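Commentary on secondary and tertiary structure
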Amino acid sequence: MTITTTSTDKPVPAEETLDVLIIGAGISGIGMASHLRALRPGTKFAILEARDEVGGTWSLFQYPGIRSDSDMPTFGFGFRPWQHPKSIADGHLILDYLRQTVAENRLDGHIRFGHRVLSAEFSRARQCWTVTAQQADSRKKVRFTTRFLFVGTGPYNHDEGFTPEFTGVEDFQGQVVHPQHWPEDLDYTGKRVVVIGSGATAVTLIPSMADTAGHVTMLQRSPGYVMAVPAEDVVAKALRTLLGHRRAHRIVRRKNIFVTRGVYKISRRAPKLTRRLLIANVRRQLPRHYDVDTHFAPHYAPWDQRLCVVPNGDLFKAISSGRASVVTDHIERFTKTGILLKSGQELGADIIVTATGLNMAIFGNMQLSVDKKKVDLPETTAYKAMMLSGVPNFVFALGYTNLSWTLKVDLVCEHFCRLLDHMDRYGYGTAEPVLDDPAMERLPYMDLTSNYVQRGIGMWPRRGTSGPWTVEMAYERDVERLREGPIEDPALRFTAAAATRTGTAR
């Protein structure tokens, strides 16, 4: 491995160059490293992580009640069965699972903590990337060289969440908190809490805080779809007892994929019917005369935005008990004692939580260059939703918007290992997607209407409308393309390895 402070123009000895440099030690990076250990044991790799521990989202976010919004048999890795009874799991359980995966696959020695990647430049002549990172402790810049770059940083900016500009926020005499920066010592016992937002974070926070707060109010501009699901899967529990964890895992995983995909397909094909069913489910959870139409009947179709799930209907139980409430209105301004709404109502608060969303940050905001020319990401097109047109030896993992994130990560990691095998077998040094059809329509990478997506998607690569350039939010199609489909493709151009390089040891 090369860690130098020399100019990127100087040649790097082949024997000191990594095969794969992984950016991010969250669920995607851990998954990639685990696949390399299992499928390509001779591969030289390292993981750069900006923070000081593994886990990504699950170590960063510490707000009360944080949990998965996907079932864990599919959100967990395919190679490591989820064994805890909870199907919708608390954040600390997920973090423990990731730490155990790191330990079992002996990844600890491969991780370099406190290394924030600033830029990466690919040289076609040298057939490698030179990656510049900054060390958190000394602020010193160090450089790594690698044959392939794998980016698993997720879609969000881990440094800051999104907070709109609220008039009068400086007048509020209480405490304003964003869930992404939750204070360890925040005491909300017996206090009036207003949570601004109606997404997954808000519906998670409210029932958790309601147990000890004086009262929690969810303040939303407009409602979203919320569905109660069991926290534990009784079918999975029975199968684990009968068959054991590993054999049951395969069956439960397939069942959950089938059910989740089925719900999504019905939602898109029969949106009016699905809307009625979802809202009827909410009515059953709440008191008879509750105003469901105002607070839980969205103006958009199901799955235009992500569907929020609440395990065992905990949000509805908190509302029914009187410990929590929902107000649907617009904010006029903050006041000394709370929030004044446009309707004239004022919500008193001791603590205001701005669960107003996240900022998107593709590839950790690193600057990519190829042969000293900066890569303009919106001008690139995603190839098989894992590589970029015109960018050699670059792979990324971005999960599904309508299914468990990790299902896509597993498929990308498998396909990448097959790609490396193919290149070693035929003596290739680079693999570069090339888009030869300039007339093909190019669309935003994802089509969700959520505010956080609309704010940031313009800076992302785009997707095409045919062939390997589509971005499929459909697991079954990606299985055909990534797991079962061939590596060779007319749009993927290979070049022979330079004479100074040899294939990866096997």
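Above this text you will find the structure in question.
Overview of the structure. (Residues numbered from 1 in each chain as written. Predicted model: local features only at pLDDT ≥ 70, side-chain atom pairs only at ≥ 80, totals over all residues. Heavy atoms only, no water.)

When we look at a pair of aromatic rings, we describe it by the centre distance and by the angle of the planes. In this structure the tally under the stated criterion is 23 aromatic pairs. Taken together, a centroid distance of 5.7 Å and an interplanar angle of 70° make the contact between Tyr264 and Trp303 edge-to-face. In this pair, Tyr264 sits in helix α7 (residues 245–269) while Trp303 sits in the loop between α9 (292–295) and β13 (308–311), placing the two residues 39 residues apart along the sequence. Relative accessible area serves as the criterion here: at 11%, Trp303 is assigned to the buried category. Taken together through their ring pairs, the aromatic side chains of Phe122, Trp129, Phe363, Phe394, Phe396, Tyr445 and Trp460 make up a single cluster. The positively charged end of Arg455 is found above the aromatic ring belonging to Phe162, 3.5 Å away from the centroid. (Phe/Tyr/Trp six-rings, centres within 6.5 Å; stacked < 30°, edge-to-face > 60°. Helix = DSSP H or I, 4+ residues; strand = E, 2+ residues; numbered from the N terminus. Buried < 20%, exposed > 50% of the residue type's maximum accessible area, 1.4 Å probe, protein only. Lys NZ or Arg CZ within 6 Å of the ring centre and 35° of its normal.)

The topology assignment puts Gly168 in the loop between β8 (156–161) and β9 (175–177). Assessed through its relative accessible area of 4%, Gly168 is described here as buried. The sequence separation of Gly168 and Glu332 amounts to 164 residues, and the corresponding C-alpha distance is 9.2 Å. Setting aside chain neighbours within four positions, we find Gly168 in contact with Arg333 and Phe334. (Contact = heavy atoms within 4.5 Å.)

This part is about a nonpolar patch on the surface. Together, Phe258, Val259 and Val263 make up a nonpolar patch on the protein surface, roughly 290 Å² of accessible area in all. Residue classification places Phe258 among the exposed positions, given a relative accessible area of 66%. (Patch = residues over 30% accessible without salt bridge, like charges linked within 9 Å, V, L, I, M, F, W, Y side chains within 5 Å. Areas by Shrake-Rupley, 256 points an atom, 1.4 Å probe, with all protein chains shown as cover. Salt bridge = Lys/Arg side-chain N within 4 Å of Asp/Glu carboxyl O.)

Residues Leu149 and Phe296 are the most contacted members of the largest nonpolar core, which totals 135 residues. Broken down by element, the residue count for this core peaks at 11 residues, all from helix α11 (residues 405–426). Of all hydrophobic cores here, the second largest spans 12 residues; its members include Phe166, Ile196, Phe334 and Leu341. (Core = buried A, V, L, I, M, F, W, Y, C linked by side-chain atoms within 4.5 Å.)

Let us look at a positive patch on the surface. On the surface, Arg246, Arg247, Arg250 and Arg254 cluster together to form a positively charged patch. Mapped onto the secondary structure, Arg246 falls in helix α7. (Lys, Arg positive; Asp, Glu negative; His and termini not counted. Charge placed at Lys NZ, Arg CZ, Asp CG, Glu CD.)

Attention now moves to the pattern of salt bridges. Scanning the entire structure with this criterion turns up 27 salt bridges. A salt bridge links Arg80 to Glu104; the shortest N-O distance between them is 2.9 Å. Of the two residues, Arg80 sits in the loop between α3 (72–75) and α4 (91–104) while Glu104 sits in helix α4, which places them 24 residues apart along the sequence. Its salt-bridge partner being Asp159, residue Arg116 comes within 3.3 Å of it at the nearest N-O pair. Separated by 43 residues along the polypeptide, Arg116 in strand β5 (residues 115–123) and Asp159 in strand β8 bring together distant segments of the chain. In this structure Asp159 comes out as partly exposed when scored by relative accessible area, which is 45%. Each of Arg40, Arg147, Asp421 and Asp424 takes part in salt bridges that share partners, so that together they form one network.

With that settled, the discussion passes to the sheet that holds β9. Spatial ordering of the open sheet is given by β9-β18-β10-β11-β14, a layout of 5 strands whose pairing is parallel. Since the sheet does not close on itself, it has two edges, and those belong to β9 and β14 (324–328), each with one partner. For this sheet the average axis-to-axis angle between neighbouring strands, irrespective of direction, equals 20°. Taken strand by strand, helix α5 (residues 200–210) contacts β10 (192–196), β11 (215–220), β14 and β18 (351–354), and its axis lies near 165° from that of β11. (Pairing = 2+ DSSP bridges. Axes fitted to C-alpha atoms, helices over the stretch in contact; angles between N-to-C directions.)

A separate point is the sheet that holds strand β16 (residues 338–341). Ordered in space as β15-β16-β17, the 3 strands form an open sheet in which the pairing is antiparallel. If you trace the sheet from one side to the other, it starts and ends with β15 (331–334) and β17 (346–348), each paired once. Across the sheet, the mean angle separating the axes of adjacent strands is 20° when strand polarity is ignored. Sheet topology note: the β15/β16 ladder contains 3 bridges and is antiparallel. Note on β16: the bridge partner recorded for Ile331 is Leu341.

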